[in-house]
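A closer look at the structure
The chain contents come next:
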Amino acid sequence: MGTTKKWVTALVAAVLACAASTLLLQRSHREAKDRRDLADLTRGWNRRLGELRVPDGMPADRVTGEISAYGMTLSFPATGDTSPDVIGYSVLLPDERGAPVWGVSCDATAIVVCTDLGDGYTLLQELDTDNSDPATTVRRRAGDLMVEARVPGERPDMVTRLRRIITETHVPDDAELLRLLRPDGYRTDWS
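Let us look at the structure shown here. On a predicted model such as this, the values are computed, not experimentally measured, just so you know.

We now examine the nonpolar core. The biggest cluster of nonpolar side chains holds 33 residues, and the ones touching the most others in it are Met72, Leu74, Ile87, Tyr89 and Leu162. The set of elements that each furnish at least two residues to this core consists of α1 (2-41), β3 (71-77), β4 (86-92), β6 (121-126), β8 (145-152), α2 (159-167) and α3 (174-181).

Shown next as structure tokens:
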């Protein structure tokens with residue numbers, strides 16, 4: 001019976017070792033995929049990822065976003081009966097004039113009315129024109145970046161909330177960036 005017990009013990013140890021090595025291999029594969037995906041999803045951003053900030057309290061499971069050479073944009077659903085359907089949040093790279101490289105500038109007076117809210121905040125009311133839809137945006141310079149939160153329509157009631165969205169932020173870790181930027185089924189290579 002002693003030989004059988006040793007043999008069973010050795011077999012159990014071998015099965016456990018195989019299971020453990022399989023789990024470690026799967027974890028290593030998942031971590032490598034996460035690194036590839038993050039590098040691919042952020043390749044347009046030519047600055048440190050630590051310069052990106054995201055709003056606190058965002059419903060991370062319902063956010064869509066992307067990063068390009070112009071910055072990062074996120075969209076997430078608003079909550080409450082009087083809220084718009086979607087809030088847009090952006091970290092933008094301004095051009096040499098201090099306007100966003102891709103976005104509405106306060107110089108475009110035919111389509112936007114800008115109001116200085118003080119403390120570095122600007123309210124942009126986009127008008128309903130042939131080439132723009134009405135929108136309410138609060139924007140603020142953050143060093144050499146520009147941060148803004150935006151809702152569709154004329155929504156002066158949202159200004160305080162939009163201001164809070166761009167003020168109450170944090171630097172996301174890699175896992176959070178992946179949750180925000182990687183759509184379901186995303187693959188960096190299809191091999």
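This is not the end of the story, as more comes after the structure.
According to the stated counting rule, one finds nine salt bridges in the structure shown. With a shortest N-O distance of 2.3 Å, arginine 150 and glutamate 126 are connected by a salt bridge. Taken together, the residues arginine 150 in strand β8 and glutamate 126 in strand β6 connect sequence positions 24 residues apart. For arginine 150, a relative accessible area of 29% corresponds to the partly exposed category. Among the residues examined, glutamate 126 registers a relative accessible area of 5% and is labelled buried. Where arginine 139 meets glutamate 148, a salt bridge forms, and the shortest distance between an N and an O atom there is 2.8 Å. Residue classification places arginine 139 among the buried residues on the basis of a relative accessible area of 8%. Looking at glutamate 148, the relative accessible area reads 8%, which means it is buried.

In this section: α2. Turning to α2, its buried residues are Val159, Leu162, Ile165 and Ile166. All buried residues of α2 lie within an arc of 120 degrees about the axis, which places them on one face of the element.

Next up on the list: the sheet that holds β4. Strand order in this open sheet of seven strands is β2-β3-β4-β8-β7-β6-β5, and the pairing throughout is antiparallel. Every other strand in the sheet has two partners, leaving β2 (64-68) and β5 (112-118) as the edge strands with one partner each. Between one strand axis and the next, the sheet turns through 15 degrees on average, direction left out of account. Relative to β8, strand β7 (residues 135-142) is paired through eight bridges, and the arrangement is antiparallel. Within the sheet, the bridge partner assigned to valine 138 lies in β8 and is alanine 149. Across the sheet, α2 is in contact with β3, β4, β5, β6, β7 and β8; its angle to β7 comes to roughly 35 degrees. Packing against the sheet, α3 makes contact with β2 and β3, and its axis sits at approximately 110 degrees to β2.

Take the packing of aromatic side chains next. Enumeration according to the criterion identifies zero aromatic pairs in this entry. Over the aromatic face of tyrosine 121 sits the side chain of arginine 163, whose NZ or CZ is 3.9 Å from the ring centroid.

It is worth spelling out a negative patch on the surface at this point. On the surface, a cluster of negative charge is made up of Asp128, Asp130, Asp133 and Glu154. By secondary structure assignment, the location of aspartate 128 is in the loop between β6 and β7.

What counts, and where the lines are drawn
- Residues numbered from 1 in each chain as written.
- Predicted model: local features only at pLDDT ≥ 70, side-chain atom pairs only at ≥ 80, totals over all residues.
- Heavy atoms only, no water.
- Core = buried A, V, L, I, M, F, W, Y, C linked by side-chain atoms within 4.5 Å.
- Buried < 20%, exposed > 50% of the residue type's maximum accessible area, 1.4 Å probe, protein only.
- Helix = DSSP H or I, 4+ residues; strand = E, 2+ residues; numbered from the N terminus.
- Salt bridge = Lys/Arg side-chain N within 4 Å of Asp/Glu carboxyl O.
- Arc of directions from axis to C-beta.
- Pairing = 2+ DSSP bridges.
- Axes fitted to C-alpha atoms, helices over the stretch in contact; angles between N-to-C directions.
- Contact = heavy atoms within 4.5 Å.
- Phe/Tyr/Trp six-rings, centres within 6.5 Å; stacked < 30°, edge-to-face > 60°.
- Lys NZ or Arg CZ within 6 Å of the ring centre and 35° of its normal.
- Patch = residues over 30% accessible without salt bridge, like charges linked within 9 Å, V, L, I, M, F, W, Y side chains within 5 Å.
- Areas by Shrake-Rupley, 256 points an atom, 1.4 Å probe, with all protein chains shown as cover.
- Lys, Arg positive; Asp, Glu negative; His and termini not counted.
- Charge placed at Lys NZ, Arg CZ, Asp CG, Glu CD.

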